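# Structural overview for review
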Amino acid sequence: MTQWRNWSGLESTSPSEVVVPADVSEVAAAVTEAAERGTTVKMIGTGHSFTSISAPEGEMLRPEALQGIVAVDREAMTVTALAGTPLHVLNTELARLGLSLHNMGDIAEQTLAGAISTGTHGTGGLKASLSAQVSGLEMVVGDGSVVRASATENPDVLAAARLGLGALGVLTTITFDVEPLGVLLAHEQPMLWDEALERYDEFVAESHHCDMYWFPHTDRMQVKRNYRQDLAPGEAEPLSRFRAWLDDDFLANTAFAGVNAIGNRARSLVPRLNEMSGRLLSERSYSDVPHKVFTSPRRVVFREMEYALPREVGLDALREVRRLVDASDWRISFPVEVRMTPADDLTLGTSTGRESIYLAFHVNRRTDHTAYFGGVEEILRAHDGRPHWGKVHTRTAADLAPAYPRWQEFLDLRDRLDPARVFSNTYLRRVLGD
Ligand SMILES: Cc1cc2nc3c(=O)[nH]c(=O)nc-3n(C[C@H](O)[C@H](O)[C@H](O)COP(=O)(O)OP(=O)(O)OC[C@H]3O[C@@H](n4cnc5c(N)ncnc54)[C@H](O)[C@@H]3O)c2cc1C
């Protein structure tokens, strides 16, 4: 029997069948056949969502045969790629063409379609989410027909399917905006809590991408700021191979895994281990092509919840979370990540219509997350927070609807594109209502 599991190991299912379509006509045939048999069909990505959003319950479609760039338009500065292309493959191919995405998240393992379908985002920039960088798409909808969308053709479909939760159809190609491959200067600096929070607005204003980490049970933060440079890629000054391995691989993964293992066995040591981790981080600067600055390897497996809050209340929510953690007997060994995104215009975007501060909470994959995430989630909800669609949360359609001004528009489009709910699963029934 085939088993599907997500990266964190929190979710698993046993799909009835597995198909690896090689082109749009094979996707259409699989969807048509599933619809005729009255079963469901789900295209998976790489399973990096922490929720069961991509859990295949009927037929599972795998993305491996839908990879690669299919068109480059240097006048419009757009690139079209097959939907199953992993982001690390895309980055390498784009770099070969002298091109780059404007912004991305912390890792590059996900597929292009999987990443946009949950609103995967980075921090800062003119657009922070990958979905907002999409300008066109091709998708097989519930009756097996092919729909294309762009700013001029089916714009309502584009607005929704750029972050479609896998609920509107199977994406086959995605067109996105690109820019000339440039250089980002990265500056990382340890700082104390009060100074980091007081100067946050200044950091966001003077850098292009700002990211902060707070080490729970301590006063320690790490502030990362990136600046776009007017340099050719060959002029970048990357970290030496050894320093990159030491900081981003050994300290961030191998040593952190060791700290986690000790913390799992002796919870009372976690505050002291966090203090030590915070002190070990040193100030550093380097520059590189953007995707190498934005992303790093993540080998310690964890569970994550992340919420988008209106920018004005984001740091107040973080302060409240700290008071809750301080008053609790939880021992949290993973840093809390703080990111910022500009407002966008996606139908169900977590930053739709408002500048946002994102707060992300993690625990080791072996740690029960329910008390910590549950306690924090109450604070985030009270601040009008919207949960990341691919990360752990407990929200349902009834209480998500008021958080999204264009909620009904998405439901109406879903009724039009997938009336028989061929693409549904338990997660989608929970968050969309049927
Ligand atoms: C270590 C780690 C780091 C992360 N860092 C970040 C980060 O920095 N920022 C951030 O925002 N998120 C981050 N995430 C979350 C991650 O980016 C999202 O959950 C993303 O959706 C995962 O992509 P995937 O390819 O694994 O898709 P999956 O999780 O497999 O699927 C996600 C959704 O996409 C749908 N889908 C996949 N392919 C298609 C298709 N062809 N057509 C239609 N629907 C499709 C699936 O059905 C499902 O609904 C991180 C996750 C992990 C595990």
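The notes below deal with the structure included here. Per chain, the residues get numbers from 1 upward, laid out in the order the sequence is written. Only residues with pLDDT of at least 70 get local features here, since the model is predicted, and only at 80 or more are side-chain atom pairs given and counted; chain-wide, interface and lining totals rely on the full set of residues. Each side-chain value is derived from all of the structure's non-hydrogen atoms; neither hydrogens nor water enter the calculation.

## Things to note about the overall build of the protein chain
Note the cut-off: The numbering of helices and of strands both runs from the N terminus, where a helix is a DSSP run of H or I of at least 4 residues and a strand a run of E of at least 2. Computation of the radius of gyration draws on C-alpha atoms alone. For the globule rule, the value is 2.2 Å times the number of residues to the power 0.38. In this analysis, two residues are considered to be in contact whenever any of their non-hydrogen atoms come within 4.5 Å of each other.
A count of helices and strands for the protein chain gives 14 helices and 20 strands. In summary, the protein chain has a C-alpha radius of gyration of 21 Å against a globular reference of 22 Å for 434 residues, a match within 12%. On the principal axes, the C-alpha backbone points of the protein chain span a range of 60 × 50 × 40 Å. Pairs at least 24 apart in sequence give 72% of the contacts found in the protein chain among residues at least 6 apart.

## Things to note about the site of the ligand
So the rule is basically this: We call a residue near a molecule or strand when any one of its heavy atoms sits within 4 Å of it. By the criterion applied in these results, polar contacts are pairs of N or O atoms within 3.5 Å in which, for protein atoms, one can donate a hydrogen and the other can accept it, and in which residues neighboring in sequence qualify only through two side-chain atoms. With residues, only the protein chains shown are counted as cover, and all accessible areas are computed by Shrake-Rupley using a 1.4 Å probe. Amino acid classes used here: Ala, Val, Leu, Ile, Met, Phe, Trp, Tyr, Cys and Pro are nonpolar; Asp, Glu, Lys and Arg are charged; the rest, including Gly, are polar.
Near the ligand there are 36 residues, and of these Thr 46, His 48, Ser 49, Asp 106 and Thr 118 occur at the shortest range. In this structure, Gly 114 approaches the ligand through a main-chain N or O atom, which is 2.8 Å from an oxygen atom. In this structure, a nitrogen atom belonging to the ligand sits 3.5 Å away from a side-chain N or O atom of Lys 391. For the ligand, the accessible surface in isolation is 980 Å², of which the surrounding protein chains cover 98%. Contributions of two or more residues to the shell around the ligand are made by strand 4 (41-43), helix 3 (112-117) and strand 11 (170-177). Considering every element that reaches the shell around the ligand, the biggest residue donor is helix 3, with 4 residues. Its residues assigned to classes, the shell around the ligand comprises 13 nonpolar, 18 polar and 5 charged.

## Considerations on the sheet that holds strand 6 (residues 69-73)
Note the threshold: When DSSP finds two or more bridges between two strands, those strands count as paired. Only the stretch in contact is used when a helix axis is fitted, and all axes are lines through C-alpha atoms; the angle between N-to-C directions ranges over 0 to 180 degrees.
On the basis of which strands lie adjacent, the open sheet formed by 5 strands has the order 6-7-11-9-10 and antiparallel pairing. Two strands in the sheet have a free side with no partner beyond their single neighbour: strand 6 and strand 10 (146-150). Ignoring which end each strand starts from, the neighbouring axes of this sheet average 10° apart. Of the strand pairs in this sheet, strand 9 (residues 134-140) and strand 10 are connected by 5 bridges, and their pairing is antiparallel. Within the sheet, the bridge partner assigned to Gly 136 lies in strand 10 and is Ser 150. Packed on one face of the sheet, helix 2 (residues 87-96) meets strand 6, strand 7 (78-82) and strand 11 and runs near 40° to strand 6.

## As for the sheet that holds strand 3 (residues 17-19)
The strands making up a sheet associate through hydrogen bonds between their backbones, and the pairing can be parallel or antiparallel. Spatially, 3-5-4 is the arrangement adopted by the 3 strands of the open sheet, whose pairing is parallel. Strands at the two margins of the open sheet, each flanked by one partner only, are strand 3 and strand 4. Across this sheet, the average inter-strand angle for adjacent strands is 25°, counted without regard to direction. Each of strand 3, strand 4 and strand 5 (59-61) is contacted by helix 1 (residues 24-37), which is oriented at about 170° to strand 5, the strand it contacts most.

## Brief notes about the side chain of Glu 304
Within the fold, Glu 304 resides in strand 17 (residues 302-310). Engagement of the side chain of Glu 304 in a polar contact is seen with the side chain of Lys 391, the distance being 2.7 Å. Residues within four places of Glu 304 in sequence aside, it is in contact with Phe 50, Ala 360, Phe 361, His 362, Phe 373, Lys 391 and Val 392.

## Here we look at unusual backbone geometry
At Met 77, a position not held by glycine, the phi torsion is positive, near 55°. Mapping Met 77 onto the fold places it in the loop between strand 6 and strand 7. Its identity is not glycine, yet His 217 carries a phi of approximately 70°, on the positive side.

## Considerations on helix 11 (residues 370-382)
Quick note on the threshold: An expected span of 1.5 Å times one less than the residue number is assigned to each helix. Each residue is assigned to one of three classes by its accessible area relative to the maximum for its type, calculated with a 1.4 Å probe on protein chains only: buried under 20%, partly exposed between the two thresholds, exposed over 50%.
Across its 13 residues, helix 11 extends 18 Å between first and last C-alpha, which sits within 8% of the 18 Å expected from 1.5 Å per residue. Residues of helix 11 that are buried include every one of Tyr 372, Phe 373, Gly 375, Val 376, Glu 377, Ile 379 and Leu 380, and no others. Where helix 11 is buried, its residues meet strand 17, helix 10 (311-327), strand 18 (336-341) and strand 19 (356-364). Taken from the residues just after helix 11, Asp 384 is the one with a positive phi, measuring 65°.

## Description of the packing of aromatic side chains
Heads up, the rule is: Two aromatic rings, drawn from Phe, Tyr or Trp (for Trp, its six-membered ring), form a pair once their centres lie within 6.5 Å of each other, and the interplanar angle then sorts them: stacked below 30 degrees, edge-to-face above 60, tilted otherwise. The criterion is that NZ of a Lys, or CZ of an Arg, lies within 6 Å of the ring centre and within 35 degrees of the ring normal, and then a charge sits over that ring.
The full count for this structure, using the stated rule, is 10 aromatic pairs. Each residue in the set Trp 7, Phe 50, Phe 302 and Phe 334 is aromatic and connected to the rest through ring pairs, giving one cluster. Sitting over the face of the ring of Trp 193, Arg 322 holds its NZ or CZ atom 4.7 Å from the ring centroid. Above the face of the Tyr 404 ring, Arg 386 is positioned so that its terminal group lies 5.0 Å from the ring centre.

## Describing the pairing of strand 18
Most of strand 18 is tucked away: 6 of the 6 residues are buried. The side-chain alternation of strand 18 yields two buried faces, one formed by Val 336, Val 338 and Met 340 and the other by Glu 337, Arg 339 and Thr 341. Strand direction decides the pairing type here: strand 18 and strand 19, joined by 5 bridges, are antiparallel. Bridged to Met 340 within strand 19 is Ile 357.

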